[in-house]
Amino acid sequence: LAQAPAGPKVPGAAAVSAPSGCPRFGMPRGARRAQPGSQARWAHWAAVGALSVALPGGRACTIIAVGREASALGVPMVGHSDDSGYDPNDVRLVRVPAQTWPHGSVRPLYNVLATYPRLVDASRSPEYAPVGDQQESEPLATIPQVSHTFAYWDTDYGVQNEKGLSIGESTCTSMTVGWPADKDKPYGYNRAGIEELSKIAMERCETARCAVQTMGDIAVDLGFFSSDSGDPAKPAYSGSSECLTVADAKEGELWNFNVLTGKNNASAIWAAQRVPPDHVAAVGNSFTIRKMNLSDSDNFLYSPDVTKLAEEKGWWSPKLEKHKDIFDFFYAYGYTPPEDVVPANIGSVLSYYSGRRMWRVFSLLSPEEGAKLDPDLGNLPHTKDPYPASVPAPKGSVTLEMVTHAYRDHYEGTKYDLTKGMAAGPHGNPNRGVGPPGVLGQWERALSMFRTSWSFVNVAKPHSRSIVWFGYDAPHGTAYLPFYGAAVTGAPESFHSHEGGIAKFSFNVAWWPFNLINQYADLNFQAINGEVRAKAAEAEAKAVKLTADWEKQASYFAAEAPEGAMSMLTARSNAFAQEVVMMWWEFAFYLITKYRGYVVTNNGTMTGVNATGQAYPEWWLNSKDVGYTIWNKHGPFHGVPDEAKAPHAAALATPDRAEVPGYGSLVVPLGAAGAFLAANALLWLAYQAGRRHGQQEAAPDAPYTACAA
């Protein structure tokens, strides 16, 4: 392991050296040479795909947020899709009750797991009490407890509390890494992950400003870690930071919160930016806070010495800005792969994995502003004229349905449409899985992912009427169901059952009928998912009408009996949720029956089966690659493949130089359709990013990994 070279990296930046005795997980650029077997390693790690990859072990989630003035409901909305379905996530929607605490109580912080059980602590919630042989979770730290904590809905992150505070999450990239202070991690110095930070905000805050300040202060004091940071031998800069968007019902504000580990893999650096009330925002696994005005406390909050590490490391200099109070947070702390990255398309992966979703959200929710943006711009820290963190939308124009529709999107109707082309198969399947090692390429990263465990849209309404519209599994095949933030009890048992989960089938787990239908829809996505979307639209339209009716009825006696009114709303929303779950089970078996055996079965009569109901489309059958129309007794028997492709090694030797904004002369060879890998691209980063030297246009330097003093 080589020491990083000292010296200024940006005009005006101070020269620094790595701490004495502290290994740098990278090689100085001048020291890097071709080594025996490097081509073979390239071919092996080219098993990385792409825009459809998950962050290594991470959430790879999408945030969509709408300001109160842009919202058709007149209140802010913030959504989240939990897109880490490769992992056997804990899919429970847990209710954490409000509590009053004795003086001197402490609040434990855990290393919350993605898998079941995410945590075990009966004092947090009865739904987190140990079952069977489960042992209580061991805390990383404790902090003084406040006298009263609010009730809230909880998943791996806090969702919405009784006051309407609402959060969406997206794991992001950064130039630093940090690890939890677990017993088996002597290199871990940090005790606050984003999971617990979001939950503490739920417990203690009514406003978004309170939430970001509280989370930031605790992160600095206890040290922040991302669950997706790899380890010191293989730091994962692709998932080492976090983004939250926070909405509140009290002030009607939206704030973006970005946080990463600080100097020497400890403490934290954070920033928060208020989203204008007439804007819509999108976050897709990268920081979005750009030019901060450090003297504008109405719109920006940040950690002490927020620029210091960036200046020390040469990642940013005040000389880059036109005014002394301006600081570009993403430019300074976002991760850009080096020019000589292996495999060569990682910069493209990161750029469009994030940027394309941002463009699409803006285009769907604010078409006039979206039309002004270049869909091919990408989103890296040094991208020239980058996408804004948010864009304006006409007053009252963005509906709840538009947001849920955006979460179901696969770029339909655009040139990036994942339901088109040979990779989508004959029936327009937008889902893209993994492929074998050795093939370099990338898929588009859709908003709706087959590996989504759940998604939701929070509507931050005042007067205890905030709602979480919650849907299990992939958004394109779910029905969003209403749960009140101020509910007096938890969700139906099937939403927090211990009887099953992703890794164990159970008819008593609400996640399963939605997943079962989404899996089955892959047989004929166009036909089956079309029915599913229609069914979901009916359920959601009914839910919207019912919630309005319930709230009207509750208003007649809410002033005299607020708890009674809330009890009624809770009971009715729970009953409706369970009704839809049962309906979805019936719907699953209906679809299995109807679309069996490449036919469409409408009924049990002699004329009830349409033998051509799932016929292959003409364009697909006419493809010589399929071979249907060119078969003869002498062959070809399996179609005629597309033109023979150049050997992979030759393709790597003479790659196209795609212009990935903010990535210099990044080499991006694009493989043939159908041969790309999805799940391992950023996993590759977890293994390799820390072992190579980083390059960032005017500010070249290695991603920062330093031992704590």
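Remember, predicted model here, so these are calculated numbers, not experimental data.

(A) A look at the pattern of salt bridges. Under the definition given, this model contains 25 salt bridges. A salt bridge links K183 to E138; the shortest N-O distance between them is 3.0 Å. Residue K183 is found in the loop between strand 10 (166-172) and strand 11 (192-193), and its partner E138 is found in the loop between strand 5 (106-109) and strand 6 (141-144); the two are separated by 45 residues along the sequence. Among the residues examined, K183 registers a relative accessible area of 76% and is labelled exposed. Put simply, R533 and E412 hold a salt bridge, and the shortest N to O gap is 3.8 Å. Taken together, the residues R533 in helix 10 (residues 525-555) and E412 in the loop between helix 8 (400-407) and strand 23 (454-459) connect sequence positions 121 residues apart. The partly exposed category is assigned to R533, whose relative accessible area is 25%. Overlapping salt bridges bring together R107, R124, E196 and E203 as one network.

(B) Summary view of the side chain of N574. Among the structural elements, N574 can be located in helix 11 (residues 562-594). Judged by its relative accessible area of 13%, N574 falls in the buried class. Separated by 2.8 Å, the side chain of N574 and the backbone oxygen of G490 make a polar contact. Beyond its immediate chain neighbours, meaning those up to four positions away, N574 contacts F483, T489, G490, A491 and P492.

(C) Just the packing of aromatic side chains, in detail. Under the definition given, this model contains 27 aromatic pairs. Between W179 and Y187, the ring centres sit 5.4 Å apart and the planes meet at 90°, which makes this aromatic pair edge-to-face. Joined through ring pairs, the aromatic side chains of F287, W315, W316, F327, F329, F330 and Y333 make up one cluster. Over the aromatic face of Y416 sits the side chain of R356, whose NZ or CZ is 3.9 Å from the ring centroid. Taking NZ or CZ as reference, K535 lies 5.3 Å from the ring centre of F587, over its face.

(D) Layout of the packing of helix 9 (residues 511-521) against helix 10. Two elements in contact, helix 9 and helix 10, have axes separated by 8 Å at closest approach and are oriented at 150°. In terms of axis orientation, helix 9 runs roughly antiparallel to helix 10. Of the residues in helix 10, those touching helix 9 at I517, Y520 and A521 are F525, I528, N529 and V532. Among the residues making up the contact of helix 9 with helix 10, the classes are represented as 6 nonpolar, 1 polar and no charged.

(E) Examining the environment of G132 more closely. Looking at the secondary structure, you find G132 in the loop between strand 5 and strand 6. For the pair G132 and H498, spaced 366 residues apart in sequence, the C-alpha to C-alpha distance is 9.9 Å.

(F) Quick look at the side chain of E253. Along the polypeptide, E253 turns up in the loop between strand 15 (241-247) and strand 16 (254-261). Buried charge without a partner: E253 forms no salt bridge, and the closest opposite charge is R274, 4.3 Å away. Discounting chain neighbours no more than four positions away, the residues touching E253 are R68, P76, A208, V246, A247, D248 and R274.

(G) Seen up close, the confidence of the model for the chain. For the chain, the average pLDDT comes to 86, and 83% of its residues sit at 70 or higher. Segment residues 1-57 is flagged for pLDDT under 50; beyond a separation of four residues in sequence, or across chains, it makes 181 contacts in the model. Contacts from residues 664-700, a stretch scored under 50 in pLDDT, to residues over four places away or in other chains number 166 contacts.

(H) Highlighting the state of the cysteines. On inspection of all chains with the given rule, the structure shows 2 disulfides. Here C172 is linked by a disulfide to C243, with a sulfur-sulfur distance of 2.4 Å. Between C172 and C243 the sulfur-sulfur dihedral comes to about -130°; the bridge is accordingly left-handed. Remark: C243 occurs in strand 15 and C172 occurs in strand 10; sequence separation between them is 71 residues. For the residue pair C172 and C243, the accessibility class agrees, reading buried in each case. The side chain of C205 participates in a disulfide bridge whose partner is C210; the two sulfur atoms lie 2.1 Å from each other. Between C205 and C210, the S-S dihedral sits near -65°, and the bridge is therefore left-handed. With cysteine numbering restricted to those in disulfides and following the sequence, the chain has the pairing 1-4, 2-3. No disulfide involves C61; its sulfur sits 9.8 Å from the nearest other cysteine sulfur, which is in C172.

What counts and what doesn't
Counting from 1, residues in each chain are numbered in the order their sequence is written. Predicted model: local features are reported for residues with pLDDT of at least 70 only, side-chain atom pairs are reported and counted for 80 or more only, and whole-chain, interface and lining totals are derived from all residues. No hydrogens and no water enter the side-chain calculation; it runs on all heavy atoms of the structure. By definition here, a salt bridge exists when the distance from a side-chain nitrogen of Lys or Arg to a carboxyl oxygen of Asp or Glu is within 4 Å. The helix and strand labels rest on DSSP assignments: H or I over at least four residues marks a helix, E over at least two residues marks a strand, and numbering proceeds from the N terminus. Exposed residues in this analysis have more than 50% of their type's maximum accessible area, buried residues have under 20%, and partly exposed residues fall in between, with area computed by a 1.4 Å probe over protein chains only. Side-chain atoms alone can form a polar contact between residues adjacent in sequence; in general such a contact is a pair of N or O atoms within 3.5 Å, and within protein one must be able to donate a hydrogen while the other accepts it. Here a residue-residue contact requires only that any non-hydrogen atoms of the pair lie within 4.5 Å. Here the aromatic set is Phe, Tyr and Trp, taking the six-membered ring for Trp, and pairing holds for ring centres within 6.5 Å; pairs whose planes are under 30 degrees apart are stacked, those over 60 apart are edge-to-face, and all others are tilted. Counting as a charge over the ring demands two things of the Lys NZ or Arg CZ atom: a distance within 6 Å of the ring centre and an angle within 35 degrees of the ring normal. Fitting a line to C-alpha atoms yields each axis, with helices limited to the stretch in contact; the angle taken between N-to-C directions then spans 0 to 180 degrees. Throughout, the term roughly parallel applies to angles under 35 degrees, roughly antiparallel to angles over 145, roughly perpendicular to angles from 65 to 115, and oblique to all others. Residues are sorted three ways: Asp, Glu, Lys and Arg are charged, Ala, Val, Leu, Ile, Met, Phe, Trp, Tyr, Cys and Pro are nonpolar, and all the rest, Gly among them, are polar. Working convention for charge: Lys and Arg count positive, Asp and Glu count negative, and His plus the chain ends are omitted. Known as pLDDT, the predictor's confidence for each residue is given on a scale from 0 to 100. Criterion for a disulfide: a pair of cysteine sulfur atoms at a distance within 2.5 Å.

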